[in-house]
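Tertiary structure, described
Given next are the chains, with one letter for each unit.
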Amino acid sequence: MKKRGKKYTEALSKIEKGKVYSKEEAIKLVKETSTSSFDGSVEVAMRLNLDTKKADQQLRGAIVLPKGTGKTKRVLVIAKGEKANQAKEAGADYVGDVDMLEKIEKENWFDFDTMIATPDMMPLLGKLGKVLGPKGLMPNPKTGTVTLDVVKAINEVKAGRVEYRIDSFGNIHGVIGKVSFSEEDLLANLEAFVSHIIKLRPATVKGDYVKNISVSSTMGPGIKVENSFDK
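Rules and cut-offs
- Residues numbered from 1 in each chain as written.
- Predicted model: local features only at pLDDT ≥ 70, side-chain atom pairs only at ≥ 80, totals over all residues.
- Heavy atoms only, no water.
- Axes fitted to C-alpha atoms, helices over the stretch in contact; angles between N-to-C directions.
- Helix = DSSP H or I, 4+ residues; strand = E, 2+ residues; numbered from the N terminus.
- Parallel < 35°, antiparallel > 145°, perpendicular 65-115°, else oblique.
- Left-handed = near helix turned anticlockwise from the far one by under 90°.
- Contact = heavy atoms within 4.5 Å.
- Nonpolar A, V, L, I, M, F, W, Y, C, P; charged D, E, K, R; others polar.
- Phe/Tyr/Trp six-rings, centres within 6.5 Å; stacked < 30°, edge-to-face > 60°.
- Buried < 20%, exposed > 50% of the residue type's maximum accessible area, 1.4 Å probe, protein only.
- Lys NZ or Arg CZ within 6 Å of the ring centre and 35° of its normal.
- Pairing = 2+ DSSP bridges.
- Salt bridge = Lys/Arg side-chain N within 4 Å of Asp/Glu carboxyl O.

1. With respect to the packing of helix α3 (residues 81-89) against helix α7 (residues 150-160)
The relative placement of two packed helices comes down to the angle between their axes together with the axis-to-axis distance. For the pair α3 and α7, interaxial distance at closest approach is 9 Å and the crossing angle is 30°. With respect to each other, α3 and α7 are oriented roughly parallel. By crossing handedness, the relation of α3 to α7 is classed as right-handed. Residues Lys 83, Gln 86 and Ala 87 of α3 form the contact with α7, whose own contacting residues are Val 150, Val 151 and Ile 154. Its residues assigned to classes, the contact of α3 with α7 comprises four nonpolar, one polar and one charged.

Shown next, in the form of structure tokens:
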């Protein structure tokens, strides 16, 4: 059994075992139970009643959080011509086409957090799928990272866009800010994320859609949150 540190044990003692907290209480606690020496991230985890073998229940997408994520993301745009010029003007950190893809392939270069590509560039990206996929960097139309509107995509990423994807167990995760955020800002982001996922409920789902919700900070314990988001 993994032995927990003193800080974690102290943090855990502030959480009542088995208790499901209101979203306001949970946000207050997640700040109080942060154990990292740095400004950790705050994450929400949702367990959903989904059969991920069914195509319509494979949730994947992105949401722009109202209060941002607290992290400045480095954006790489794969585009040519006018779209490349637009990307540069919109503040993309890196812009290119074949040159950038070769840099990734030959130099194992990954000094970016999000890759955006225009549809015409996707055939060239295919051979990098095995490298980009496991890192969560492969552009995808569902998350808005394969698009002709590169300016909008860059602005959304810089404003605090969070991507999400259901795993095979029906869990979905998302970063909703930093421990240093105010309770009000964390609460606004939590409400936006959970409400967004609730609205995506597939019509084929029977019974309860949301099984449970929890929030946690980096290296901190999980705190169960009552589902009052669709009330």
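2. Digging into the packing of aromatic side chains
Tallied over the full model, the rule gives four aromatic pairs. Centroid distance Tyr 94 to Trp 109: 4.9 Å. Interplanar angle 90°. Geometry classified as edge-to-face. With Tyr 94 in strand β4 (residues 94-96) and Trp 109 in the loop between α4 (98-107) and β5 (114-117), this pair connects stretches of sequence that are 15 residues apart. Relative to Phe 193, the ring of Tyr 164 lies with its centre 6.1 Å away and its plane at 85°, an arrangement referred to as edge-to-face. In this pair, Tyr 164 is assigned in strand β6 (residues 161-165) and Phe 193 in helix α8 (residues 183-199), connecting sequence segments 29 residues apart. Under the relative-accessibility criterion, Tyr 164 is labelled buried at 5%. Among the aromatic residues, those joined into a ring-pair cluster are Tyr 94, Trp 109, Phe 110 and Phe 112. A cation sits over an aromatic face here: Lys 135 above Phe 110, 4.6 Å from the ring centre.

3. Observations regarding the packing of helix α2 (residues 23-32) against α8
With their axes 10 Å apart at the nearest point, α2 and α8 run at an angle of 125° to one another. Taken as axis vectors, α2 and α8 run oblique relative to one another. You can see that α2 and α8 cross each other, and the crossing is right-handed. Only Glu 183, Leu 186, Leu 187, Leu 190 and Glu 191 of α8 make contact with α2, whose side of the interface consists of Lys 23, Glu 24, Ile 27, Lys 28 and Lys 31. The residue inventory of the contact of α2 with α8, partitioned by class, reads four nonpolar, no polar and six charged.

4. Topic: the pairing of strand β1 (residues 41-48)
Sheet topology places β1 next to strand β7 (residues 171-178); seven bridges connect them, and they run antiparallel. Looking at the pairing, Val 42 lines up with Gly 177 of β7. Where β1 lies against strand β8 (residues 210-217), seven bridges are found, and the strand directions are antiparallel. In the sheet register, Val 44 faces β8, and the bridge partner there is Val 215.

5. A few points about the pattern of salt bridges
If you walk through the whole model with that rule in mind, you get eight salt bridges. Linking Asp 113 and Lys 71 is a salt bridge whose minimum nitrogen-to-oxygen distance equals 3.6 Å. Pair noted here: Asp 113 is in the loop between α4 and β5 and Lys 71 is in the loop between β2 (60-64) and β3 (75-78), with a separation of 42 residues, a long-range link. For Lys 71, a relative accessible area of 46% gives the class partly exposed. The closest approach of N and O atoms between Arg 161 and Glu 163, which form a salt bridge, is 3.0 Å. The class for Glu 163 is partly exposed, based on a relative accessible area of 32%. What you see here is one network of salt bridges that share partners, running through Lys 71, Arg 74 and Asp 113.

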